[in-house]
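# A look at the structure
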Amino acid sequence: MFDKEAKLQALAELIEGKVIDDTDRVEACIKGTVIGFPATIEALRVGFPFGCSFFLETDVLKENKQQKSKGEFTLTINHRLVTGFWAKFSRILLVDHTDRPLGMKRFDTEYIAQTNDDEQALRFVQYPSMIDKLLLLSQYTNFTELHVRSGFGVVLVQPTSIEKLEIDTARETFRVFGEIAQVVFEAF
């Protein structure tokens with residue numbers, strides 16, 4: 001039997017936070033911090049088929065929300081649906097129709113990137129050990145989307161429901177995710 005309150009409390013302790021009652025919007029909302037960044041775990045519903053999202057805000061001083069409305073770097077990373085020989089045909093069939101390689105083979109074979117600044121996106125994925133961090137996040141969460149927005153933060157959307165989410169997996173996800181947020185905070 002799934003104990004929703006116990007699971008939410010365990011996740012709250014993981015990010016040194018608390019469960020927030022926001023039932024008008026989502027069934028589960030947990031706020032806390034990860035390596036000094038405000039962190040949130042949210043899910044529309046805690047059970048299947050709803051996944052959950054992890055948020056880390058890098059604008060800890062709240063200075064970018066007033067200053068940057070245009071010109072910030074954004075990047076969305078999705079898994080490539082078709083790889084190998086069939087990848088070229090998938091573009092024709094519109095399976096991976098947004099395919100625009102960044103120029104880093106190891107990244108381009110696994111992921112599709114959508115960005116407003118190709119140069120910054122390539123710099124991001126070429127950042128030391130960034131590709132390893134992305135591959136680790138893929139291994140832990142099989143994420144469907146990873147959003148990066150300079151000056152604001154990072155968001156990871158993954159298909160595992162809170163009901164099925166393992167605490168150790170969430171811990172490791174936030175460890176790696178926090179390292180990515182640190183890079184965004186310092187270098188972007």
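Residues numbered from 1 in each chain as written. Predicted model: local features only at pLDDT ≥ 70, side-chain atom pairs only at ≥ 80, totals over all residues. Heavy atoms only, no water.

### Considerations on the overall build of the protein
Counting its secondary structure elements, the protein contains seven helices and eight strands. Here the protein holds 188 residues, and 43% of them are scored as buried. Relative to all contacts within the protein whose residues are 6 or more apart in sequence, the contacts with residues 24 or more apart total 59%. Accessible surface computed for the protein: about 10400 Å², of which carbon and sulfur atoms make up 53%. (Helix = DSSP H or I, 4+ residues; strand = E, 2+ residues; numbered from the N terminus. Buried < 20%, exposed > 50% of the residue type's maximum accessible area, 1.4 Å probe, protein only. Contact = heavy atoms within 4.5 Å. Areas by Shrake-Rupley, 256 points an atom, 1.4 Å probe, with all protein chains shown as cover.)

### Observations concerning helix H6 (residues 130-141)
Here H6 contains 12 residues, and its C-alpha end-to-end distance of 16 Å stays within 8% of the 16 Å for a straight helix at 1.5 Å per residue. Regarding H6, the residues found buried are Met130, Ile131, Lys133, Leu134, Leu137, Ser138 and Thr141. Buried residues in H6, looked at end-on, bunch into an arc of 160°, giving them a common side. Among the residues trailing H6, Asn142 stands out with phi positive, at a value near 50°. (Expected span 1.5 Å × (residues − 1). Arc of directions from axis to C-beta.)

### Some remarks on the side chain of Glu42
Residue position: Glu42 is located in strand E3 (residues 37-43). Under the relative-accessibility criterion, Glu42 is labelled buried at 13%. Polar contacts involving the side chain of Glu42 include one to the side chain of Arg25, which spans 2.5 Å. Residue contacts for Glu42: discarding those within four places in its chain leaves Arg25, Val26, Ala28, Cys29, Cys52, Ser53 and Phe55. (Polar contact = N/O pair within 3.5 Å; in protein donor to acceptor, adjacent residues only side chain to side chain.)

### Points about the pattern of salt bridges
Under the counting rule described, the total for this entry stands at nine salt bridges. With a shortest N-O distance of 3.4 Å, Lys133 and Glu179 are connected by a salt bridge. In this pair, Lys133 is assigned in helix H6 and Glu179 in helix H7 (residues 167-187), connecting sequence segments 46 residues apart. Residue Glu179 is classed as partly exposed on the basis of its relative accessible area, which comes to 31%. (Salt bridge = Lys/Arg side-chain N within 4 Å of Asp/Glu carboxyl O.)

### So, the packing of aromatic side chains
A full pass over the atoms with the stated rule returns seven aromatic pairs. For the ring pair Phe107 and Tyr111, a centre distance of 5.3 Å and an interplane angle of 35° mean the geometry is tilted. Like Phe107, the residue Tyr111 is buried in the burial classification. An aromatic cluster of at least three residues, connected via ring pairs, comprises Phe73, Phe124 and Phe188. The ring of Phe152 has Arg149 lying over it, and the distance from NZ or CZ to the ring centre is 4.1 Å. (Phe/Tyr/Trp six-rings, centres within 6.5 Å; stacked < 30°, edge-to-face > 60°. Lys NZ or Arg CZ within 6 Å of the ring centre and 35° of its normal.)

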